[in-house]
Amino acid sequence: SIKIIISLNNRKYFHFILFFAFIIVALIGAFISEQPNGALVDVLKILPIFIYCRFLILECIQDFSFHSKIVKTLKIVFGIALLFLSAQLILGLKFSLYSTLNINTFDPLRGVIRYPGYFHDSQVQGQFFALGCILFLYNGKNLSERNKIHYLLSLMCLFAVYISGSRSALLGLLLGGLIALLLIGRKYLLFILGAGILAIGLIAYQTNQSFSFGRTSTSTEDLKFRQTIWADAYSIALKHPMFGIGSGNYLEYTMKHNPNQYFELENNEIAYFDQP
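The present account deals with the structure reproduced in this document. Because the structure is a prediction, the values reported are computed rather than measured.

**Digging into the environment of R226**
Phase 1 of the analysis: Along the chain, the position of R226 falls in helix α9 (residues 219–239).
Phase 2 of the analysis: Residues R226 and Q261, 35 residues apart in the sequence, show an inter-C-alpha distance of 9.9 Å.

Here it is as structure tokens:
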């Protein structure tokens, strides 16, 4: 049997109230939105994630050996992902788990490839491997054990972030590395500095168009375009400050109220944004 205890004198109760309030607000937002059915399903998808993470964290707290098994399993998962990505680099984007990939994986006009690995979206792969880059540096309590292969795998994850073309993932990784450097002192100083220099060098090196971070002719043009999208999203938030427009409803809402939020594809086709 599973026993769940909520104590008024424990800060966990405060976290439970935050979670409960979040779900209530999300449900109300779904019911009053223009697309309630889809939004309600999207909100219900959140519940299993919170429940699973709650029990996972409790088990890790009670049994540190289980925590170590989780970390080891995740490292194996990242290793498999690196092997899959290596095969994709050799065989091309046709080597995939999906019949069709996200439109951001290949730009036919500029010949730019953003490798997605075994994901549908290259942006997701960048975020995934950014986590892997830091995870391979984690040894738990075995701080004296320094497996050099983990350093190599961490650098491979960094390269995977780069060829995904995910600038947000790379920026987050560099920021995470800086925070880690401040927290852990000199233990990984040379590695983090070296990885940072390598990452900056990769960004600056734009002659190889197949691994380019550039999706527009200039960074200024790209920023101006994104600023218009962010400004529209902010105005939507101001119009619906309490309950939003319903989870997962961004595409349908902007198609109706902000139809300028799209980008052009080949053959004069357009695709609307599903998030800002």
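**Notes on the packing of helix α3 (residues 46–62) against helix α4 (residues 64–91)**
Phase 1 of the analysis: At a minimum axis separation of 5 Å, α3 and α4 run at an interaxial angle of 125 degrees. One way to sum up the angle between α3 and α4 is to call them oblique. Contacts between α3 and α4 involve L56, E59, C60 and Q62 on the former and, on the latter, F64, F66, H67 and I70.
Phase 2 of the analysis: For the contact of α3 with α4, the residue count by class is 5 nonpolar, 2 polar and 1 charged.

**Re the nonpolar core**
Phase 1 of the analysis: Formed by 26 residues in total, the largest nonpolar core has its most connected members in F128 and F129.
Phase 2 of the analysis: Only α4, α5 (122–135), α6 (148–163) and α7 (167–184) provide two or more residues apiece to this core.
Phase 3 of the analysis: No other element matches the 7 residues that α6 contributes to this core.
Phase 4 of the analysis: Listed in part, the 7 residues of the second largest apolar core include I229, A233, I236 and Y253.

**Observations concerning the side chain of S166**
Phase 1 of the analysis: Tracing the sequence through the fold places S166 in the loop between α6 and α7.
Phase 2 of the analysis: Under the relative-accessibility criterion, S166 is labelled buried at 0%.

**A short note on the packing of aromatic side chains**
Phase 1 of the analysis: Scanning the model with the defined rule gives 14 aromatic pairs in all.
Phase 2 of the analysis: Relative to Y272, the ring of Y262 has its centre 6.0 Å away and its plane inclined at 65 degrees; by these criteria the two rings are edge-to-face. Here Y262 is found in strand β3 (residues 262–264), whereas its partner Y272 is found in strand β4 (residues 270–272), with 10 residues between them in sequence.
Phase 3 of the analysis: With relative accessibility at 25%, the residue Y272 sits in the partly exposed group.
Phase 4 of the analysis: Members of the aromatic cluster, joined through ring pairs, are F78, F84, F95, Y118, F119, F128, F129 and F136.

**Quick notes on the pattern of salt bridges**
Phase 1 of the analysis: Inspection of every chain in the model, using the stated rule, returns 1 salt bridge.
Phase 2 of the analysis: In this structure, the salt-bridge partner of K256 is E34, at a minimum N-O distance of 3.9 Å. Of this pair, K256 sits in helix α10 (residues 250–257) while E34 sits in the loop between α1 (11–31) and α2 (36–44), placing them 222 residues apart in sequence.
Phase 3 of the analysis: The exposure class assigned to K256 is exposed, which follows from its relative accessible area of 58%.

**Some details on the packing of α4 against α5**
Phase 1 of the analysis: Direction vectors running N to C along α4 and α5 enclose 130 degrees, while the axes themselves pass 10 Å from each other. It follows from the interaxial angle that α4 and α5 lie oblique. Between α4 and α5 lies a crossing whose hand is left-handed. Along its contact with α4, which presents V71, L74, K75, V77, F78, A81, L82 and L85, the element α5 presents Q125, F128, F129, L131, G132 and L135.
Phase 2 of the analysis: Here the residues of the contact of α4 with α5 sort into 11 nonpolar, 2 polar and 1 charged.

**Quick notes on the environment of Q88**
Phase 1 of the analysis: One can find Q88 in helix α4.
Phase 2 of the analysis: Using a relative accessible area of 0% as the deciding quantity, one classes Q88 as buried.
Phase 3 of the analysis: Through-space distance from the C-alpha of Q88 to that of Y115 is 7.8 Å; in sequence the pair is 27 residues apart.
Phase 4 of the analysis: Sequence-distant contacts of Q88, defined by excluding residues within four places in its chain, comprise L93, F95, S96, Y115, P116 and G117.
Phase 5 of the analysis: Among the polar contacts listed, one links the side chain of Q88 to the backbone nitrogen of G117, at a separation of 2.9 Å.

The rules behind each value
Residues numbered from 1 in each chain as written. Predicted model: local features only at pLDDT ≥ 70, side-chain atom pairs only at ≥ 80, totals over all residues. Heavy atoms only, no water. Helix = DSSP H or I, 4+ residues; strand = E, 2+ residues; numbered from the N terminus. Axes fitted to C-alpha atoms, helices over the stretch in contact; angles between N-to-C directions. Parallel < 35°, antiparallel > 145°, perpendicular 65-115°, else oblique. Contact = heavy atoms within 4.5 Å. Nonpolar A, V, L, I, M, F, W, Y, C, P; charged D, E, K, R; others polar. Core = buried A, V, L, I, M, F, W, Y, C linked by side-chain atoms within 4.5 Å. Buried < 20%, exposed > 50% of the residue type's maximum accessible area, 1.4 Å probe, protein only. Phe/Tyr/Trp six-rings, centres within 6.5 Å; stacked < 30°, edge-to-face > 60°. Salt bridge = Lys/Arg side-chain N within 4 Å of Asp/Glu carboxyl O. Left-handed = near helix turned anticlockwise from the far one by under 90°. Polar contact = N/O pair within 3.5 Å; in protein donor to acceptor, adjacent residues only side chain to side chain.

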